[in-house]
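Structural description and commentary
Take a look at the letters that make up each chain.
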Amino acid sequence: MSTDDPERMGTYPGYVTRASFHLAYLKAMLIERSHRYTKQRPGVVIEPSYFEALRARCARTGHIQSFRRLLSAFEAAGDVGP
């Protein structure tokens, strides 16, 4: 997913929903980088640097359109700069 749009990932065998697969993928990706994620303790994914990296990826690649829409809403509300 480092080169392809993560939103194009489907549901893989063994997972009931697409969201459950995405969550497992996120956790595995973070473990490879010595981080952990739980909904109660999201860790690195709530760091400003993680947010900025996602933001930069959206701008550079056009990937993660749902995140781009969220950014647009934040920007319209004045909560995040362009």
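To keep things clear, this report deals only with the structure shown in the data block.

Conventions we followed
- Residues numbered from 1 in each chain as written.
- Predicted model: local features only at pLDDT ≥ 70, side-chain atom pairs only at ≥ 80, totals over all residues.
- Heavy atoms only, no water.
- Helix = DSSP H or I, 4+ residues; strand = E, 2+ residues; numbered from the N terminus.
- Polar contact = N/O pair within 3.5 Å; in protein donor to acceptor, adjacent residues only side chain to side chain.
- Contact = heavy atoms within 4.5 Å.
- 1 Å grid on protein atoms, 1.4 Å probe; cavity = no way out; pocket = protein on both sides within 12 Å on 5 of 7 lines; lining within 4 Å.
- Points joined across faces, edges and corners; volume = space filled by probe spheres on them.
- Nonpolar A, V, L, I, M, F, W, Y, C, P; charged D, E, K, R; others polar.
- Salt bridge = Lys/Arg side-chain N within 4 Å of Asp/Glu carboxyl O.
- Buried < 20%, exposed > 50% of the residue type's maximum accessible area, 1.4 Å probe, protein only.

Bringing the side chain of His63 into the picture now. Here His63 shows up in the loop between α2 (48-61) and α3 (65-77). Engagement of the side chain of His63 in a polar contact is seen with the side chain of Arg57, the distance being 3.2 Å. Ignoring any residue separated from it by four or fewer positions in sequence, one finds His63 in contact with Thr3, Asp4, Asp5, Pro6, Arg57 and Cys58.

This part is about the layout of surface pockets. Each pocket or cavity is described by its volume, and for the largest pocket that value is around 960 Å³. Lining the largest pocket are 23 residues, with Pro6, Leu26, Met29, Tyr50 and Leu54 sitting closest to its centre. Taken together, the elements giving at least two residues each to the lining of the largest pocket come down to α1 (18-32), α2 and α3. Sort the elements by how many residues they give to the lining of the largest pocket and α1 lands first, with 7 residues. Residue classes in the lining of the largest pocket are distributed as 15 nonpolar, 3 polar and 5 charged.

Turning to the pattern of salt bridges, a few remarks are in order. One pass over the full model with this rule turns up 2 salt bridges. Note that Glu52 and Arg55 form a salt bridge whose closest N and O atoms lie 3.1 Å from each other. Placement of both Glu52 and Arg55 in helix α2 is noted, with a separation of 3 residues, approximately one turn of the helix. For Glu52, a relative accessible area of 39% corresponds to the partly exposed category. Between Arg55 and Glu75 there is a salt bridge, and its shortest N-O distance comes to 3.8 Å. Of this pair, Arg55 sits in helix α2 while Glu75 sits in helix α3, and the two are 20 residues apart along the sequence. With a relative accessible area of 15%, Arg55 lands in the buried category. Here Glu75 falls in the partly exposed class, since its relative accessible area comes to 33%. One connected set of salt bridges, linked through shared partners, spans Glu52, Arg55 and Glu75.

These values are about where atoms sit, not about what they do.
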